[in-house]
Amino acid sequence: MAFINSLKPSTTPEGLDPENQIQVLRERSLQTFLLIALPLGLIAYIISIDNQLGNNNFGLVAVYSFIFVWIIIAALVRSLPYILRSASVLFILYLLGILELITSGPVGDGRFFLLAFIILSFMAYEPRVGWINLLLSIISTAVIGLLMTIDVIDQHAIANQANTGNVYGWISSSVIFIIISILTSVAVAAITKGLSEKFSEQAKLTKDLLRERVTLEEMVNERTQVIENRLTQMDTASQVSRDILSMTDARMIFDEAVEMIKDRFNFYHAGVFLVDQRGEFAVLHSATGEAGRRMLENHHRLRVGEEGIVGYVTSKGQPRVSQLTDEDSVHYHNPLLPHTRSEMAVPLILRDHTIGALDVQSTASSAFSADDVRLMQAIADQLVLAYDKAQLLSELQVRVDELTSTQQQFTRNAWQSHLQSTGKHYAYKYKPDTALQIADDINPEAQKALETSSPIISKVDGNGQNQEQAIAIPIRLRNETLGVLNIRYTAATSPQEQNEIANAVADRLAVALESARLMEEIQSRAERERLVGEIAAKVRTSTNVEGIMRIAAEEIGQKLGVSSVTVQLRPSSPPALDISEEIA
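Notes on the structure follow. This one's a predicted model, so the numbers in the text were calculated from it and none came from an experiment. (Residues numbered from 1 in each chain as written. Predicted model: local features only at pLDDT ≥ 70, side-chain atom pairs only at ≥ 80, totals over all residues. Heavy atoms only, no water.)

1. Quick notes on the sheet that holds strand β3 (residues 301–303)
- Strand order across the open sheet formed by six strands is β3-β2-β1-β6-β5-β4, with antiparallel pairing between neighbours. Here the strands that pair on one side only, and so sit at the sheet edges, are β3 and β4 (320–322). For this sheet the average axis-to-axis angle between neighbouring strands, irrespective of direction, equals 25 degrees.
- With six bridges joining them, strand β1 (residues 269–275) and strand β6 (residues 353–362) adopt antiparallel strand pairing. Residue pairing for β6: F273 is matched across the bridge by A357.
- Along the sheet, helix α9 (residues 289–297) contacts β1 and β2 (281–287); its crossing angle with β2, the most-contacted strand, is approximately 135 degrees.
- Across the sheet, helix α10 (residues 308–316) touches β1, β2, β3, β4, β5 (342–350) and β6, and the angle it forms with β6 is around 150 degrees. (Pairing = 2+ DSSP bridges. Helix = DSSP H or I, 4+ residues; strand = E, 2+ residues; numbered from the N terminus. Axes fitted to C-alpha atoms, helices over the stretch in contact; angles between N-to-C directions. Contact = heavy atoms within 4.5 Å.)

Next comes the structure, spelled out in structure tokens:
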């Protein structure tokens, strides 16, 4: 079935370019001609063989047999080269035409074979080949006619058909053949040329469309690649910004930022400059690589407004790019960075003030686009925000530490004052089956907990077979240790759940103790205010100085319960001596 399908003219054989439509049409026309020639040629072959065998023309029998076999091969074997198949078919038509002219003269079938030879030449090849074969057919016809008229070619086989030796007969038949051949050739040539031109235009249009399609695809791919690269850069910038904003150490932000920028954007070098307090120099604060380390050791700096792109940016507060550093007079040629070919610097602006610049360098010329400038500026803005946030957090932490220290000191002083004023020793010890006791000593683990302000868990050597576990938990309030909670368990290990409960109790105990202290302090102040009010009320009952002094001494002594009270006014000074009177 596949073999039969391969013989169909509509099937394009292997080895033939399907895009070359004119060649495909020629091959299909040739295959159609061969398929039609097979049955017709078989009939003609049988008739010719019978006729030639009767006349003992074994040479023509061999020629006709070879011709028919070759037509079969050319029709069935489409894998043969087109030029071989078409040229052989044209040669067979030309040979049959010549043989028919020789055997039958101008009134035979030779002219039709030659006419088919001419038409197929126009269809199978370029018009130039058709015109050449037309000329060849005319010349061949004239030569055979001439040779017959002068009896060079034997005429006995066709003597009964016409007077082939009559020159006028040959001329008349040849003229008719030439006219028909020319008219047919012109028509076929015109049709073939038109088809060829149309196919050529279509092929050219197809190539142009394919070329435009390829160009468009390349443009789309290029644009897609640019968009993907830009999206990748934006995503990278977003990641860098997130990482920068997550930092809280102002001293490390710039160091980490330049490393991230260099690695993630594949730059040759990255650095951060900060303007000094006087605004004279942009001092290198952070830089990447060995060159950056050496520049930091050398305290590398650039004068603002005068040296390098960094100096320009810190002076103007605007980004600047040098696409060809060798040709840029503003670029600072750093011997530690010899491979720099492009440089870009963007300002670090904080509250409308340029505090420095972010500088990046590349080994490629024209490495930075306008989008890159905007991208680096966005990162620089995030870098400034992170730096400002870290500084604010650092300052806030200092304030918090100061406040915590103040609160701790206040708490310490308040409790020291409270304990001194009360003169009491607050230490209580509880044991099962015994009354609550006042503790006179302090256990080692409790002493260690007071010194370290952290829980202490230790084993205690017990008497006999019982083993004890001791836990000492400091009672802390505002980072100040007020006391200690010391618990012992008769067990091999201290229960974790009870330890957690003890820690929670210690925290609550600290709050309760502070509340009680404040309450006692409030009550003490209220009592003082009451005593002062009573004494003042008694004093106000007298209307003379002596009475007030007497009442004050008596009331203060009674109310305060002291052993003695003395209230006195300052004695008056002796009168001054009048020296002038004594002299007189």
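Next comes the rest of the account.
2. Quick word on a nonpolar patch on the surface
- On the surface, a nonpolar cluster with roughly 480 Å² of combined accessible area is contributed by F3, I4, V69, I73, L76 and V77.
- Listed by contribution, the elements that provide at least two residues to the nonpolar patch are α1 (2–7) and α3 (58–76).
- Assignment of secondary structure puts I4 in helix α1. (Patch = residues over 30% accessible without salt bridge, like charges linked within 9 Å, V, L, I, M, F, W, Y side chains within 5 Å. Areas by Shrake-Rupley, 256 points an atom, 1.4 Å probe, with all protein chains shown as cover. Salt bridge = Lys/Arg side-chain N within 4 Å of Asp/Glu carboxyl O.)

3. Thoughts on the nonpolar core
- Core analysis: the largest hydrophobic core is formed by 34 residues, its most contacted members being L34, Y64, I67, I71, V89, I92 and F117.
- Of all the secondary-structure elements, those providing two or more residues to this core are α2 (21–54), α3, α4 (82–104), α5 (110–124) and α6 (127–149).
- Ranked by the residues each element gives to this core, the list is headed by α4, at ten residues.
- Contact partners of L34, with chain neighbours within four places excluded, come to I71, A74, A75, R85 and V89.
- Core analysis: the second largest hydrophobic core is formed by 31 residues, I244, A257, M260 and F267 among them. (Core = buried A, V, L, I, M, F, W, Y, C linked by side-chain atoms within 4.5 Å. Buried < 20%, exposed > 50% of the residue type's maximum accessible area, 1.4 Å probe, protein only.)

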